[in-house]
Amino acid sequence: MTGPIHHVTVISGPPQRNHDFYRHTLGLRRIKVTVNFDDPSVHHLYFGNDLAEVGTVFTTFPYPRVKAGDLGTGQAEATAFAVPVGSLAFWQARFAQLQVPTSAPVERFGQSVLAFSDPDGLPLELIETQSDALPAAATHPEVPPTAQIRGFHSVTLLEEGFEATARVLTELLGYQETAAAGSRTRFTHPSGAHAGTLDIVCAPGRLRGKVAGGSVHHVAFRISSADEEAALREQLVARGFNVTPVLDRKYFTSLYFREPGGVLFEIATDTPGFAVDEPLAELGSRLMLPESLASKEEELARRLAPLALS
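Residues numbered from 1 in each chain as written. Predicted model: local features only at pLDDT ≥ 70, side-chain atom pairs only at ≥ 80, totals over all residues. Heavy atoms only, no water.

1. A word on the pairing of strand β2 (residues 29-36)
Of all the 8 residues making up β2, 8 are buried; the element is thus mostly covered by neighbouring parts of the structure. Taken together, the 7 bridges between β2 and strand β3 (residues 39-48) define a ladder with antiparallel strand orientation. Paired with Thr34 across the two strands is His44, which belongs to β3. Between β2 and β3, which follow one another and run antiparallel, lie 2 residues. (Buried < 20%, exposed > 50% of the residue type's maximum accessible area, 1.4 Å probe, protein only. Helix = DSSP H or I, 4+ residues; strand = E, 2+ residues; numbered from the N terminus. Pairing = 2+ DSSP bridges.)

Below, the structure is given as structure tokens:
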């Protein structure tokens with residue numbers, strides 16, 4: 001069956017700046033360094049928790065030079081990470097020290113939310129979460145255990161309308177509508193697993209967004225097996241969606257389609273996982289390539305922007 005969020009992928013600016021923000025400012029573990037399989041001249045960086053678990057994986061396509069996107073409808077507006085209750089004071093102080101743009105915490109559905117931006121202006125959030133379902137932490141020497149990021153909390157979709165996207169979430173992806181306040185409606189996956197929340201914010205007066213630098217490229221959802229992935233593809237096609245073939249992404253297989261509001265969705269398997277080509281303890285320690293590009297490693301290494309892995 002389809003499940004909670006598998007990963008979120010964004011388009012970013014210069015690789016070193018991008019890497020250092022997610023690895024050292026936020027304290028996420030670097031779990032994979034590879035290339036964009038569709039454009040191997042560009043890195044694809046994966047960050048997550050210490051165990052490289054799906055539902056914690058945030059990935060970036062960092063371009064040395066990229067035009068800034070425009071935030072608007074038809075986009076994933078904000079990606080939220082879960083942090084322990086009581087930790088936002090630490091993060092406010094850390095962001096102030098490191099000059100990370102942020103705003104005062106607000107309450108949303110009974111939880112404290114701290115909004116901030118990465119160096120490319122990508123909207124991000126930290127949400128205090130108290131749950132036994134949270135995964136292992138992403139550890140970093142500058143972030144105490146009481147504040148370490150614990151995977152995703154949710155993703156917010158900014159949409160012109162509501163019903164068509166809601167039907168995809170509830171009828172095809174297994175979500176249930178669980179709360180609403182103003183223009184925001186919350187959907188939760190009944191599995192109870194972490195990363196199982198998605199919000200839709202209706203903003204019919206907003207202009208259509210443009211995905212580029214500082215934008216979410218796609219949101220990926222978990223699926224139990226390759227057989228179920230193929231079956232879901234048939235359902236999507238039967239409902240009139242344009243869907244890619246199932247693609248081999250080495251660490252999972254995936255398919256892509258645009259939900260009715262315009263956000264690019266991916267369906268991805270949990271297996272074979274990120275330790276398929278390097279041991280868990282060594283994840284993210286060097287450039288890893290798919291077999292189809294292995295013979296071009298030296299050429300790609302010359303073309304890729306410099307990146308110090310610290």
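Now that the structure has been shown, we can carry on.
2. Here's the deal with the packing of aromatic side chains
Using the criterion set out here, one finds 17 aromatic pairs in the structure. Aromatic pair Phe21 and Tyr22: ring centres 5.0 Å apart, planes at 85 degrees, arrangement edge-to-face. Taken as a pair, Phe21 and Tyr22 share a single burial class, namely buried. Between Tyr175 and Phe221, the ring centres sit 6.0 Å apart and the planes meet at 85 degrees, which makes this aromatic pair edge-to-face. Taken together, the residues span a long stretch of sequence, with Tyr175 in the loop between α3 (163-172) and β10 (176-181) and Phe221 in strand β13 (residues 215-223) at a distance of 46 residues. A single burial state applies to Tyr175 and to Phe221, both of which are buried. Taken together, Phe21, Tyr22, Phe47, Phe58, Phe81 and Phe152 form an aromatic cluster joined through their ring pairs. (Phe/Tyr/Trp six-rings, centres within 6.5 Å; stacked < 30°, edge-to-face > 60°.)

3. Describing the environment of Glu177
Relative to the helices and strands, Glu177 resides in strand β10. Along the chain, Glu177 and Asp270 lie 93 residues apart, while their C-alpha atoms are 25 Å from each other. Setting aside chain neighbours within four positions, we find Glu177 in contact with Phe162, Thr185, Arg186 and Phe187. (Contact = heavy atoms within 4.5 Å.)

4. A word on empty space enclosed by the protein
To find leftover empty space, a probe the size of one water molecule is rolled over the atoms. Scanning all chains against the criterion turns up 1 cavity of 30 Å³ or more. By volume, the largest cavity is sized at about 40 Å³. What lines the largest cavity is simply Gly74, Gln75, Ala76, Val211, Val216, His217, His218, Arg258, Gly262, Val263 and Leu264. Mapped by element, the contributors of at least two residues to the lining of the largest cavity are β5 (75-83) and β13. Per-element accounting of the lining of the largest cavity gives the leading share, 3 residues, to β13. Residues of the lining of the largest cavity, tallied by class, amount to 5 nonpolar, 5 polar and 1 charged. (1 Å grid on protein atoms, 1.4 Å probe; cavity = no way out; pocket = protein on both sides within 12 Å on 5 of 7 lines; lining within 4 Å. Points joined across faces, edges and corners; volume = space filled by probe spheres on them. Nonpolar A, V, L, I, M, F, W, Y, C, P; charged D, E, K, R; others polar.)

By themselves, these observations are geometric and do not establish any function.
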